[in-house]
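Structural overview for review
As a plain string of letters, each chain reads:
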Amino acid sequence: MQIKDTHCKGKISLKLLEYNNPTGTDAKGDCCDSPVNTPGCTIGTCDHLFRICLLDNISNSNTSNCLQSTEVTTSDKNVVKFDQNLQNVQFVFDTWKGEAPIQIVVFDSNTDDKQNVLVDQFLNIYNSTKAGFNQTSITAVNLNLIGTRSKNPTSLRFSLSVYCDPQYYGSDCSVKCVPTNKCDGHYTCDHRGTKFVYGWREQTVQNRFQAVMSTAVYTQVS
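Residues numbered from 1 in each chain as written. Predicted model: local features only at pLDDT ≥ 70, side-chain atom pairs only at ≥ 80, totals over all residues. Heavy atoms only, no water.

Concerning the pattern of salt bridges
Using the criterion set out here, one finds 5 salt bridges in the structure. The salt bridge partner of Lys 11 is Asp 165, with a shortest N-O separation of 3.0 Å. With Lys 11 in strand β1 (residues 10–20) and Asp 165 in the loop between β9 (155–164) and β10 (168–169), the pair connects residues that are 154 residues apart, well separated along the chain. Asp 165 gets classed as buried once you look at its relative accessible area, which sits at 10%. (Salt bridge = Lys/Arg side-chain N within 4 Å of Asp/Glu carboxyl O. Helix = DSSP H or I, 4+ residues; strand = E, 2+ residues; numbered from the N terminus. Buried < 20%, exposed > 50% of the residue type's maximum accessible area, 1.4 Å probe, protein only.)

Some words on the confidence of the model for the chain
On average, residues of the chain score 81 in pLDDT, and 76% of them are at 70 or above. A low-confidence stretch, residues 1–6 stays under pLDDT 50, and its non-local contacts, those more than four residues away or across chains, total 18 contacts. Note that residues 211–222 has pLDDT below 50 and, in this model, 2 contacts with residues that lie over four places away or in other chains. (pLDDT = per-residue confidence, 0-100. Contact = heavy atoms within 4.5 Å.)

Focus on the layout of surface pockets
Its volume calculated, the largest pocket comes out at about 280 Å³. In terms of lining, the largest pocket is formed by 16 residues, of which the most central are Leu 54, Leu 55, Leu 67, Lys 97 and Glu 99. Listing elements by their share of the lining of the largest pocket, those giving two or more residues are β2 (48–55), β3 (66–73), β5 (89–93) and β6 (99–108). Here the element with the most residues in the lining of the largest pocket is β6; it accounts for 3 residues. In terms of residue class, the lining of the largest pocket is built from 9 nonpolar, 3 polar and 4 charged. (1 Å grid on protein atoms, 1.4 Å probe; cavity = no way out; pocket = protein on both sides within 12 Å on 5 of 7 lines; lining within 4 Å. Points joined across faces, edges and corners; volume = space filled by probe spheres on them. Nonpolar A, V, L, I, M, F, W, Y, C, P; charged D, E, K, R; others polar.)

Structure follows, in structure tokens:
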């Protein structure tokens, strides 16, 4: 459930936690798998399929507006508690712009050559002024959403986090810093991507260079 991350600088990581459709109905109020007119939809349950989409912008939430998307299928249960050992859904970005419009559309999946039936949908704009330093330093935010269908809306709980990939830093992950200890450089990087010379804790590479140059003695060669 990970999008190919060629040349990306950061990731939006989403983990599905729990989904509730206790009535076992679709967006029109019909039973997902129970025969028509079955009281309480007690015979069958919904085969939920989750289509998760990172939108280009919130004003246009149709499928063609998806920058990246993926699908997650579940067993036929009306109340779904997702396996937390599953890999997170991940979307990649080049520069963090402060928000991520996420759309999650839920279908009743049909495997008998019939079209999937809409169950409910969710829309959320995740806002954060800055991306996390890395995957382990950021705390995911738990979100609880109510679906948009008018009759017996379903509910969805998931967590979401945004962080920079290794070697990328800054609030928008635009600063690249690669620690090195070779002939062409001897420095490490702090959480902002600033280069620090080994053994000079309080001096950046630029400041250390200026300090060395200011004390250098030059000898003219005749």
